[in-house]
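Spelled out from the first residue to the last, the chains are:
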Amino acid sequence: RHNADDYDDDDDEDDDEDEDEKFGEHYLGSSNDSIEDHVALLVAQRELFWDHSQRWQGCRFFLTSDSAKITSALEAMSKVPCFSGPFPHGLNAARLVLKESLTTAKDPLGDALRAALLKAEALGLRVMLEVQVKPGAKGEQWLKKIAEQAASMKCIAGVALPQAGCSLSELQPLLTAVRAGGLTPDRCQISLVAPQIEDESEESEDGWTPEFRALHKTDILEATQNILHLDGNIIMEGLPRIPPKEEGGPEDAQSLLDAASHAADCIQELDLASSWNLAVPSGIKFKSKDGPTDEWYKEYLQRWLGAVQCLEQGFFFEAWELPEESEEKHQNSEFAKLLESGWVDLAAEDMVIAPTGGKHTHTFIYLHGFMCDAYSYMAEPEFFYKVKKAKKKKGSKAKDHDDEEWEEYEPHPGLKIVLPTAPNRKITAEGGNEHPSWHDYLTDFDGEGEDDLPHEELEAAAARIHAILDREIAAVGAKNVFLGGASQGSAVSLYSAMTYSKGGLGGVFCAEGHLHSWVEIPPEWVATKTPISVYHGLADTTMPWGKWVEATYQRLIDAGCEVTVTLDEGVEHCDGDREQAWTRAFLANAVRPASVKVVAKKAGKKK
């Protein structure tokens, strides 16, 4: 311990610089916020146990006395067709909601749960047990007995305690009961409901609610460790939410779609979406008196999936089927019914943001980068929107007291966004690890040069994009169709445009990508005068502009292509904020009426 008078600000700055040099700019303990550091520590510790390729992606199942029904339901979920990119293992997880009335003191599992576990194990499903237990001796004993009898089932990889509360003193016996019963941290996560995280009141000095702060409390002076840290494999779950109209929520069909894209924003600092559904809030205005169409519901689902897919540990849909006695039974809460309706298509390879304004006039086909998928853009449709108006809004945390300018966005009328997703594939340069990717990488030169890839895989990706181009050009005409992408998706989109044999396009958008050096530039494509808009960050070390990327685009310029280059200082690879700004800038010009573009060009010449 030191006397405060002994501290020198200059010494602190020197220490910070030394630490940055040793560990990088951001490292555990560098935030000067003990709560933020503790959360980061828990995440880092959990990495020791967690397999990122095995996220929770499935449904909740309510156990009943009908064992045959639950086993049949599990098998049905396991067979739901899924596209490999966003769902590499299909719907791989079942959250089994235990019912105490189906058990006895001698048999805490019960016949229904035992049958479900055996079926899940046979199907290769991962299981999370949802145990409705409250703190207290009775609950601890029941929880331990469940863990003891369930420990032999290898399919069990998690236990959820939604009624356990947030008191560390009350949580500790429950966590101990699970671990003592044999469901140890090396094989089983424990999922707890997180309290409200952020406190936006001016009384809060650090922006955290007292409940969240207490949950992550560690008394360094007393050398005590938080029980969450001692366990090591605890995750936090919460409910994604669309606020009702009276709380500033959506009022019409389009604003509800946008709200669905951001339904998980309120739990973005948590790990798991414990339950979500496709319920439509009351009071929403639809253009048709018949309400939402099937196509609207399909987009609504894709937006919801985009939101919950952003959570690191995954999600569970509210229910495969709700129990008969459920007071709020609704088909939009039952995944089985949604499948029957045709609104759910997890095998879809393309996500779509439908055009607004009543008429489809333009299409932008946008390809994601390596290890990403289209759902990430369904969660942030503002990538493809235009500025609506400027407002003042307080920062998301109370510690940012200063008001900041922020902008609202809305769709470009008539603009359809098509977001293809790449399949999951083994990557040679990463030792065979699987990721969503438009093609394999045979080498990894770590930014020092262009990586090698199987040419036939790039050609296959282009053939898929050509089919989409055919469809969209038939709908709105070639000059109203635009193609683009980011990083790997940028290179694939440029190649696809150049090899499209049926003519030019309205434009090609290339963000933080490059032209493959081995690709020949067809003279007939140059003659189409398809404009190419290039956006790149000068701090990009994955694809460094000056080292080798610039030369690939220079080939296009030398061949006579119309290339416009925008370079941003200090922007690194995969900078989402800049990518979003680039796509908006590109679309703001691309979808303008022709008369406006002509006036703009003339004004530009006068300068």
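Use the structure listed above.
All values reported here derive from a predicted model rather than from experimental measurement.

Undergrad: I tried to follow the overall build of the protein on my own but got confused; where do I start?
TA: Summing up its helical and strand segments, the protein has 18 helices and 19 strands in all. Partitioning the intrachain contacts of the protein with sequence separation of at least 6 by distance along the chain shows that 75% fall at a separation of at least 24. Put simply, the protein shows about 29200 Å² of open surface, and 49% of that area lies on carbon and sulfur atoms.

Undergrad: Help me understand the side chain of Thr443 in this model?
TA: Structurally, Thr443 is set in the loop between β15 (433-436) and α13 (455-476). Assessed through its relative accessible area of 19%, Thr443 is described here as buried. A distance of 3.4 Å separates a polar atom in the side chain of Thr443 from a polar atom in the side chain of Asp451. A distance of 2.8 Å separates the side chain of Thr443 from the backbone nitrogen of Asp452, its partner in a polar contact. Among all residues touching Thr443, those that are not within four sequence positions of it are Ala429, Asp451 and Asp452.

Undergrad: What exactly am I supposed to notice about the packing of α13 against helix α14 (residues 488-498) here?
TA: Contact pair α13 / α14: the axes reach a minimum separation of 9 Å and the direction vectors enclose 70°. Judged by the angle between their axes, α13 and α14 are roughly perpendicular. Between α13 and α14 lies a crossing of right-handed hand. For the pair formed by α13 and α14, the contact residues are Leu458, Glu459, Ala461, Ala462, Ile465 and His466 on the first element and Val492, Tyr495 and Ser496 on the second. In the contact of α13 with α14, the residues fall into six nonpolar, two polar and one charged.

Undergrad: Is there a simple way to think about the packing of aromatic side chains in this case?
TA: Two descriptors summarise a pair of aromatic rings, namely the distance from one centre to the other and the angle between the planes of the rings. For the structure shown, the criterion picks out 31 aromatic pairs. Taken together, the ring pairs in this structure connect Phe364, Tyr366, Tyr377, Phe383, Phe384, Phe482, Phe509, Tyr535, Trp582 and Phe586 into an aromatic cluster. Directly above the aromatic system of Trp56 lies the positively charged group of Arg126, at a separation of 4.1 Å from the ring centroid.

Undergrad: Looking at this model, I keep getting lost on helix α5 (residues 137-150). Mind explaining?
TA: Residues spaced three or four apart along an α-helix face the same direction, because each turn holds 3.6 residues. An ideal rise of 1.5 Å per residue puts 20 Å on 14 residues; α5 measures up with 20 Å between its terminal C-alpha atoms. Of the positions making up α5, those classed as buried are Gly139, Trp142, Leu143, Ile146, Ala147 and Ala150. End-on, the buried residues of α5 take up no more than an arc of 135°, which puts them together on one face. Facing away from the buried side of α5 by more than 90 degrees, the exposed set consists of Ala137, Lys138 and Gln141. Buried residues along α5 sit in contact with β3 (126-130), β4 (156-161) and α6 (168-180).

Undergrad: What is the right way to read the side chain of Lys416 from this model?
TA: Take Lys416: it is sitting in strand β13 (residues 415-420). Note on Lys416: relative accessible area 17%, which makes it buried. A distance of 3.0 Å separates a polar atom in the side chain of Lys416 from a polar atom in the side chain of Glu472. Discounting residues that sit within four places of it in the chain, Lys416 has contacts with Val352, Ile353, Pro355, His360, His362, Thr363, Phe364 and Glu472.

Undergrad: Which parts of the structure should I look at to understand the packing of helix α9 (residues 253-261) against helix α10 (residues 294-309)?
TA: Each packed pair of helices is defined by two parameters, the angle between the axes and the distance between the axes. Contact pair α9 / α10: the axes reach a minimum separation of 7 Å and the direction vectors enclose 25°. Taken together, the axis directions place α9 and α10 in an arrangement best described as roughly parallel. Contacts from Ala253, Gln254, Leu256, Leu257, Asp258, Ala260 and Ser261 in α9 reach Trp296, Glu299, Tyr300, Arg303, Trp304 and Ala307 in α10. A breakdown of the residues in the contact of α9 with α10 according to their chemical character gives eight nonpolar, two polar and three charged.

Undergrad: What am I meant to see in the sheet that holds strand β19 (residues 563-568) here?
TA: In a beta sheet, neighbouring strands are held together by backbone hydrogen bonds and run either parallel or antiparallel to one another. As summarised here, the arrangement of the seven strands in space is β9-β13-β10-β16-β17-β18-β19, forming an open sheet in which the pairing is mixed. The strands lining the two open edges of the sheet, one partner per strand, are β9 (350-353) and β19. Averaged over all neighbouring strand pairs, the angle between strand axes comes to 15°, with direction disregarded. Pairing between β9 and β13: four bridges, direction antiparallel. Bridge assignment links Met351 to a residue of β13, and that residue is Leu419.

Undergrad: Would you mind going over α14 with me for this structure?
TA: The buried fraction of α14 is high, at 11 of 11 residues. For α14, the set of buried residues is Gln488, Gly489, Ser490, Ala491, Val492, Ser493, Leu494, Tyr495, Ser496, Ala497 and Met498.

Undergrad: Is there a simple way to explain empty space enclosed by the protein in this structure?
TA: In this approach the atoms are scanned with a rolling probe the size of a water molecule, which exposes any empty space left behind. Scanning the entire structure with this criterion turns up five cavities of 30 Å³ or more. With four residues, the top contributor of residues to the lining of the largest cavity is helix α2 (residues 34-46). Its residues assigned to classes, the lining of the largest cavity comprises nine nonpolar, one polar and three charged.

Undergrad: I would appreciate a short explanation of the sheet that holds β3 in the present structure.
TA: Taken together, the eight strands give a closed barrel; going around it, the order is β1-β2-β3-β4-β5-β6-β7-β8, and neighbouring strands pair in parallel fashion. On average, each strand axis in the sheet is inclined to that of its neighbour by 25°, with strand direction left out of account. In this structure, strand β7 (residues 272-276) lies alongside strand β8 (residues 314-317), joined through three bridges in parallel fashion. Looking at β8, one finds that Ala273 is bridged to Phe315. This element, helix α3 (residues 67-78), spans β1 (56-62) and β2 (93-97) of the sheet and lies at about 160° to β1. Contacts from helix α4 (residues 110-123) reach β2, β3 and β4 within the one sheet, and its direction differs from that of β3 by about 155°.

Undergrad: For this particular structure, what's the right way to read the pairing of strand β5 (residues 189-193)?
TA: Looking along a regular strand, one sees side chains alternate from face to face of the sheet. Counting buried residues in β5 gives four out of five residues, a clear majority hidden from the surface. Here β4 pairs with β5 via four bridges, running parallel. Looking across to β5, one finds that Gly158 is bridged to Gln189. What joins β4 to β5 is α6, and the crossover it makes is right-handed. Note: β5 against strand β6 (residues 234-238), four bridges, orientation parallel. Paired with Val193 across the two strands is Glu237, which belongs to β6.

Conventions we followed
- Residues numbered from 1 in each chain as written.
- Predicted model: local features only at pLDDT ≥ 70, side-chain atom pairs only at ≥ 80, totals over all residues.
- Heavy atoms only, no water.
- Helix = DSSP H or I, 4+ residues; strand = E, 2+ residues; numbered from the N terminus.
- Contact = heavy atoms within 4.5 Å.
- Areas by Shrake-Rupley, 256 points an atom, 1.4 Å probe, with all protein chains shown as cover.
- Buried < 20%, exposed > 50% of the residue type's maximum accessible area, 1.4 Å probe, protein only.
- Polar contact = N/O pair within 3.5 Å; in protein donor to acceptor, adjacent residues only side chain to side chain.
- Axes fitted to C-alpha atoms, helices over the stretch in contact; angles between N-to-C directions.
- Parallel < 35°, antiparallel > 145°, perpendicular 65-115°, else oblique.
- Left-handed = near helix turned anticlockwise from the far one by under 90°.
- Nonpolar A, V, L, I, M, F, W, Y, C, P; charged D, E, K, R; others polar.
- Phe/Tyr/Trp six-rings, centres within 6.5 Å; stacked < 30°, edge-to-face > 60°.
- Lys NZ or Arg CZ within 6 Å of the ring centre and 35° of its normal.
- Expected span 1.5 Å × (residues − 1).
- Arc of directions from axis to C-beta.
- Pairing = 2+ DSSP bridges.
- 1 Å grid on protein atoms, 1.4 Å probe; cavity = no way out; pocket = protein on both sides within 12 Å on 5 of 7 lines; lining within 4 Å.
- Points joined across faces, edges and corners; volume = space filled by probe spheres on them.
- Right-handed = clockwise from strand over helix to strand, strands pointing away.

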